[in-house]
There are 2 protein chains.
Amino acid sequence: MCEFYQEALAEAKAAYAGHEVPVGAVVVWQGQIIGRGQNSMERRQDPSAHAEVLAIQEAAKNRGSWRLTGCTLYVTLEPCLMCAALIRKSRIGKVVIGAIEPHEGALGSALTVNDLPPRSQHVETTWLYDPASEALLKQFFKELRASHDHDL
Amino acid sequence: MCEFYQEALAEAKAAYAGHEVPVGAVVVWQGQIIGRGQNSMERRQDPSAHAEVLAIQEAAKNRGSWRLTGCTLYVTLEPCLMCAALIRKSRIGKVVIGAIEPHEGALGSALTVNDLPPRSQHVETTWLYDPASEALLKQFFKELRASHDHDL
């Protein structure tokens, strides 16, 4: 796995430590990380606080432009529809994905944002099928179920 | 037009004054506005800074929960795919829309988010076909074209 993906995975591990669905993302431009994000929905109580959104917001701030042309997003889990639409809107052309998301993944699994209007931008995907990201997600949901069982 | 929609339109007018595509939104819960937003993409240089996203973020902060069950969003233009997906994710069940967006509108025009997975939440729409919102958008794009022609 490349070093940039490892940084996204580090963000996912930090989300896990914060009792969030463990997803992490980084935005890379010209060989540098210009944005980082970890899923923070529960801690921030913000429905938009997905890893990808936070990484893109930071990247746009650092680059001084909402147009992130030439950037690559590394993310540990396939983006949902909201995030995939934002990726496209921000002109990020390439996404490197750790694990597939069969129920909501919007870059090829449950659906493909490239098939939906507006079709003026296209998002190219690279799949890593990363066992570390999959294991982290499984562990999170296993513990969540156990905690719910305990509450009953 | 109801008073809540008028507040969304006031946000759109403020966006217009700030040289943004004029779109405004408010989130209403139990008869009170708990979130306001105006399109701020250019001023903030943030690709996620649509009126709906900002209104939802503020509403979640004020309510202390990312789950905005029972809320209604009033917006002057049909939401794009990113915003429609966020509306669904935030559990907002009702959206009152000023003008249609034929190219990117994701609540019935270019596409319908309700037709896409995950289908666990459904967004109900009410259409106002508001001439004031349409006129504001037309005026903005007319001026934008004139300014581009002037630059050539």
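Named according to an unreviewed UniProt entry, chain A is tRNA-specific adenosine deaminase originating from Proteiniclasticum sediminis. The Subunit (unreviewed entry) field of the UniProt record for chain A holds the comment "Homodimer."

(A) A look at the overall build of chain A. What chain A contains, in helices and strands, is five helices and five strands. In sequence order, chain A lays out its α and β elements as α-β-β-α-α-β-α-β-β-α. Against the compact-globule benchmark of 15 Å for 152 residues, chain A has a radius of gyration of 15 Å, which places it among compact chains. Projected onto its principal axes, the C-alpha coordinates of chain A cover approximately 50 × 30 × 30 Å. A burial count over chain A gives 53% of its 152 residues as buried. For chain A, contacts bridging at least 24 residues in sequence account for 56% of all contacts bridging at least 6.

(B) Main features of the state of the cysteines. The tally for this structure, following the rule as stated, stands at zero disulfides over all chains. Cys83(A) forms no disulfide, and the closest cysteine sulfur to it belongs to Cys80(A), at a distance of 3.9 Å. When its relative accessible area of 1% is taken as the criterion, Cys83(A) is described as buried. Unpaired in this structure, Cys71(B) has its nearest cysteine sulfur neighbour in Cys2(B), at a distance of 15 Å. Cys71(B) gets classed as buried once you look at its relative accessible area, which sits at 2%.

(C) Looking closely at the packing of helix H4 (residues 81–89) of chain A against helix H4 (residues 81–89) of chain B. Between H4(A) and H4(B), the least distance of the axes is 8 Å, while the angle of their chain directions is 160°. In terms of their interaxial angle, H4(A) and H4(B) are classed as roughly antiparallel. Crossing of H4(A) against H4(B): the hand is left-handed. Here H4(A) contributes Leu81(A), Met82(A), Ala85(A), Leu86(A), Arg88(A) and Lys89(A) to the contact with H4(B), which in turn contributes Leu81(B), Met82(B), Ala85(B), Leu86(B), Arg88(B) and Lys89(B). Here the residues of the contact of H4(A) with H4(B) are counted per class, giving eight nonpolar, no polar and four charged.

(D) How the structure looks around the layout of surface pockets. Size it by volume and the largest pocket reaches roughly 1200 Å³. Forming the walls of the largest pocket are 40 residues, and the residues nearest its centre are Val21(B), Leu77(B), Glu101(B), Glu104(B) and Phe141(B). Top element by residues in the lining of the largest pocket is helix H5 (residues 131–151) of chain B. It accounts for eight residues. The residue makeup of the lining of the largest pocket, split by class, is 20 nonpolar, seven polar and 13 charged. Here the second largest pocket defines a volume of roughly 1000 Å³. Residue lining of the second largest pocket: 37 residues in total, with Val21(A), Leu77(A), Glu101(A), Glu104(A) and Phe141(A) positioned closest to the centre.

(E) Highlighting the pairing of strand S2 (residues 32–38) of chain B. Residues and elements named next belong to chain B. Two elements, strand S1 (residues 24–29) and S2, share six bridges in a ladder whose sense is antiparallel. Looking at S2, one finds that Gly 24 is bridged to Gln 38. Counted between consecutive antiparallel strands, the loop separating S1 from S2 contains two residues, among which Gln 30 sits at a positive phi close to 50°.

The rules behind these values
Residues numbered from 1 in each chain as written. Chains lettered and ligands numbered in written order. Predicted model: local features only at pLDDT ≥ 70, side-chain atom pairs only at ≥ 80, totals over all residues. Heavy atoms only, no water. UniProt positions renumbered as here; feature names shortened; annotations may be inferred. Helix = DSSP H or I, 4+ residues; strand = E, 2+ residues; numbered from the N terminus. Rg over C-alpha atoms; globule rule 2.2 N^0.38 Å. Buried < 20%, exposed > 50% of the residue type's maximum accessible area, 1.4 Å probe, protein only. Contact = heavy atoms within 4.5 Å. Disulfide = S-S within 2.5 Å. Axes fitted to C-alpha atoms, helices over the stretch in contact; angles between N-to-C directions. Parallel < 35°, antiparallel > 145°, perpendicular 65-115°, else oblique. Left-handed = near helix turned anticlockwise from the far one by under 90°. Nonpolar A, V, L, I, M, F, W, Y, C, P; charged D, E, K, R; others polar. 1 Å grid on protein atoms, 1.4 Å probe; cavity = no way out; pocket = protein on both sides within 12 Å on 5 of 7 lines; lining within 4 Å. Points joined across faces, edges and corners; volume = space filled by probe spheres on them. Pairing = 2+ DSSP bridges.

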